Amino acid sequence: LGHGTAGRVAQSKSALLLHDVAAQETGNLFQSAPRHSAIALPLMVEDRVIGVIEVLSTQMQQFREQDLHLLQLVADRCATTIERARLFKAVKASQEELQALSRRLMTVQEEERRHIARELHDDIGQHLTLAKLQLQSAQKSIEDGNNTEECLRESIETVDKAIGQVRQLARNLRPSVLDDLGLSMALQ
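Computed from a predicted structure; not experimentally measured.

S.K.: So what exactly am I meant to see when it comes to the overall build of the protein here?
M.R.: When helices and strands are tallied, the protein shows 6 helices and 3 strands. Each helix and strand of the protein, ordered N terminal to C terminal, gives the series α-β-α-β-β-α-α-α-α. Dimensions along the principal axes, computed over C-alpha positions, put the protein at roughly 125 × 30 × 30 Å. By residue count, 21% of the 188 residues in the protein fall in the buried class. Contacts spanning at least 24 positions in sequence make up 46% of the contacts within the protein whose residues lie at least 6 apart. Approximately 13900 Å² of the protein is accessible, and the part contributed by carbon and sulfur atoms is 56%. A distance of 6 Å separates the average location of the 22 positive side-chain charges in the protein from that of its 26 negative side-chain charges.

Below, the structure is given as structure tokens:
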């Protein structure tokens, strides 16, 4: 900013007409090219400079006010197009990030479903199967006229274990701290 024609235009946010470029510019990007006059305008989006458009002439003509007006139209359209492209790129990047997050969420949900299915099948399912077998044994004992007290006690213990696992699974799915403190405090 502040150096060369483009730097001065970007810093001042205003157009610049030079009628004798060689006398006013040193260290310019186009120094080796013969040039006599220049016109430069900032590319503006709202109140922000996003670039500079510069036109150099190799002839000894001076740019006129209508040249400035025409270049201003070009600069306005270029700035709008550049900003739209930047915004489009940002939106596209956001959409790609959202899609990646959605895929990750689906993967995590599927992993959690598999974990819950395993818990239900391996632990709770086994306890309920054992309780059923114990109750069937108690039923047979009743039919045979034997003492069923021990079979019923074991069945109750097995059902209590299954109930405890169901409660633990439910707590793991929705910890009570979420209800007590809310999501942000629970995460902390």
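S.K.: Explain the pattern of salt bridges to me, please; I cannot follow it from the model alone.
M.R.: Opposite charge on two side chains permits pairing when their charged atoms draw close. Tallied over the entire structure, the rule returns 9 salt bridges. One salt bridge in this structure joins Arg64 and Asp67, with 3.7 Å as the shortest N-O distance. For Arg64, a relative accessible area of 48% puts it in the partly exposed group. The class for Asp67 is partly exposed, based on a relative accessible area of 23%.

S.K.: Sorry, what's going on with the pairing of strand 3 (residues 48-57) here?
M.R.: For a regular strand, side chains alternate in direction, first toward one face of the sheet and then toward the other. As judged from the 9 bridges shared by strand 2 (residues 37-45) and strand 3, these two strands associate in the antiparallel manner. The residue bridging Ala40 from the neighbouring strand is Glu54, located in strand 3. As consecutive antiparallel partners, strand 2 and strand 3 are separated by 2 residues, and within that stretch Glu46 has a phi angle of approximately 55 degrees, a positive value.

Conventions we followed
Residues numbered from 1 in each chain as written. Predicted model: local features only at pLDDT ≥ 70, side-chain atom pairs only at ≥ 80, totals over all residues. Heavy atoms only, no water. Helix = DSSP H or I, 4+ residues; strand = E, 2+ residues; numbered from the N terminus. Buried < 20%, exposed > 50% of the residue type's maximum accessible area, 1.4 Å probe, protein only. Contact = heavy atoms within 4.5 Å. Areas by Shrake-Rupley, 256 points an atom, 1.4 Å probe, with all protein chains shown as cover. Lys, Arg positive; Asp, Glu negative; His and termini not counted. Charge placed at Lys NZ, Arg CZ, Asp CG, Glu CD. Salt bridge = Lys/Arg side-chain N within 4 Å of Asp/Glu carboxyl O. Pairing = 2+ DSSP bridges.

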